[in-house]
Amino acid sequence: MPEEKNLENVKPDETLDVMGETCPIPEAMAHKKLNKMKAGQVLEVYTDHAAAVENSFPSMLNKLNYPYCVTKTGPGEFTIKIKKTS
Amino acid sequence: MNPYFLEYAIVGIAGLIFGAALERGRMCFVLATNNIIMAKDTKILEGILWAFGISVLAFGIIESLGIVPIQAAVAGVFPSGWYDLVGALLFGFGIGLCGACMSGLIFRAGSGFTQNWMQLFGILVGTIFFAFLIFPLTNFLYWILHTVPWLALKGGLYDYMPHEWFGNAIWGPFVVALIFGGFFWALGLYLTKKRFAKISKERGEQYKEPIISWNMLKFKDAFSPRLGGLLFAVVAVIVFLTSYFTVHKAAYMGVTTPYGSFDAYILAPFINLFTTVGHYKASFLPKISSNWFQIVPVAIPMTLLVIATFAGATTTAILGGEFKWRVPKRKIMFLQNFIGGILTGVGARIALGCNIGTLWSGFLMFSWAGLLFLPTLVLGMYLALKFQQAIW
């Protein structure tokens, strides 16, 4: 599933701060948190692991079929908004 | 020009390229494995397969054409044995805990991840632990010298598949390279094609990634895995040829032993590493060195390669606007990385190398080391991923 830019302005229901941590922690913790959330809710992840943003998150979210939106917030810093659809 | 100076100068430049390829290509074995297990994504693995495939084929051609004579190539081959299996399991679990293999560590630490600096510290501690305890207590050198599985049976010391399979035939290295290198490269090409087809289907339009682009050269975009893999192969060939044509010793890529050199530099002012300070051995085994530092040279070109690799990775991270000192919010990650680093260091020493020196270079040496290292490495990384998914 390609990125959905309209998620950018959606207020998140849950947040996850994994700044400073490398794979597999950001995507594994996000996956765990998404499992506990209800369908329709949005998770916002704060990460500074570029390799996870480029590779791990898109592949995992494509597999889950969850729309997401990546925003670069600073040098090497990103927020990823993920909508749990089912 | 002094051949040693020339060797160090060229290896230093190769290290800068290697660092750029690692950082920009995101070339990390843990990242590749986690992405496959968690999301069936092969992008990073494709780069590694390109690196292995092209470099193994290149080494086969170099040796079969006699550019580097087989005798010189064999002189740098490590022995292989059960210790590859045991070491790779510990190493795989350790790098899995840290989220970075021995080479991935360089680009992460070089990009400012402080938890990977803790991993590096753990590796230095683990190497000392191995050098003064495991090495003498297990009489490790005896096992290295007496448990070589194949060629030793024929009276030789090292494993060199072309000789084992084809005797002294000059085309032997090329045929072995074609089998392994051809397999790796073909698998890499197949996985890339399959991934492009999958994305094209999802997007409803033809999808392709360029191997190289202006944005990659300007460090704006990450390198394609294929470019990262190609640069890996180029660096291995440069190091191999340089070492042979300068000081007449064919050197293979390695980053583990240089970490031991760092230990030696740190410890040398405080203790004499190179004399017998205590002797542990089973009575039925021959007397050997009392610590690991006694059997390895301290000043080696690969140490400069590792330092230059750090410099290359840091430079491209800065140029790409991605360098930042990153401190994990959860401070327990420092402990996890320290423990993981110790396992990384001990495992790599037991296996006589890491994912670079034993796995990749094992294939470049046409020895059994790479094949023995691979299965338990993957098992270790898998167990570490499952462990972390369970606890975090």
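Residues numbered from 1 in each chain as written. Chains lettered and ligands numbered in written order. Predicted model: local features only at pLDDT ≥ 70, side-chain atom pairs only at ≥ 80, totals over all residues. Heavy atoms only, no water.

Points about helix α13 (residues 256–267) of chain B
Each turn of an α-helix holds 3.6 residues, which means side chains three or four residues apart point in the same direction. Residue and element names in this part refer to chain B. With 12 residues, α13 extends 17 Å between its outermost C-alpha atoms, agreeing within 8% with the 16 Å of an ideal straight helix rising 1.5 Å per residue. Counting buried residues in α13 gives nine out of 12 residues, a clear majority hidden from the surface. Of the surrounding secondary structure, the elements contacted by the buried residues of α13 are α6 (102–110), α7 (114–137), α14 (301–319) and α15 (332–350). (Helix = DSSP H or I, 4+ residues; strand = E, 2+ residues; numbered from the N terminus. Expected span 1.5 Å × (residues − 1). Buried < 20%, exposed > 50% of the residue type's maximum accessible area, 1.4 Å probe, protein only. Contact = heavy atoms within 4.5 Å.)

Points about the confidence of the model for chain A
Averaged over all residues, the pLDDT of chain A equals 90, while 98% of them reach at least 70. Mean pLDDT per element in chain A: helix α2 (residues 50–64) of chain A is the minimum at 89, and strand β2 (residues 42–47) of chain A is the maximum at 96. (pLDDT = per-residue confidence, 0-100.)

Here we look at the interface of chain B and chain A
On the chain A side, the residues contacting the 35 residues of chain B number 28 residues. Carbon and sulfur atoms supply 53% of the area that chain B and chain A bury against each other, a total of about 2,600 Å² over both sides. Considering only the side of chain B, the residues that lose the most area to chain A are M38, K324 and K329 of chain B, jointly responsible for 20% of the buried surface there. Joining chain B to chain A, the criterion identifies six salt bridges. In this structure, the salt-bridge partner of D17 of chain A is K329 of chain B, at a minimum N-O distance of 2.6 Å. Between the two partners, chain B and chain A, sit 15 residue pairs in polar contact (both at pLDDT 80 or more). Taken together, the elements giving at least two residues each to the side of chain B that touches chain A come down to α2 (29–39), α3 (43–64), α5 (82–98), α7, α15 and α17 (369–391) of chain B. Of the residues contributing to the side of chain B that touches chain A, the split by class is 14 nonpolar, 10 polar and 11 charged. (Buried area = accessible area lost by both parts, 1.4 Å probe. Salt bridge = Lys/Arg side-chain N within 4 Å of Asp/Glu carboxyl O. Polar contact = N/O pair within 3.5 Å; in protein donor to acceptor, adjacent residues only side chain to side chain. Nonpolar A, V, L, I, M, F, W, Y, C, P; charged D, E, K, R; others polar.)

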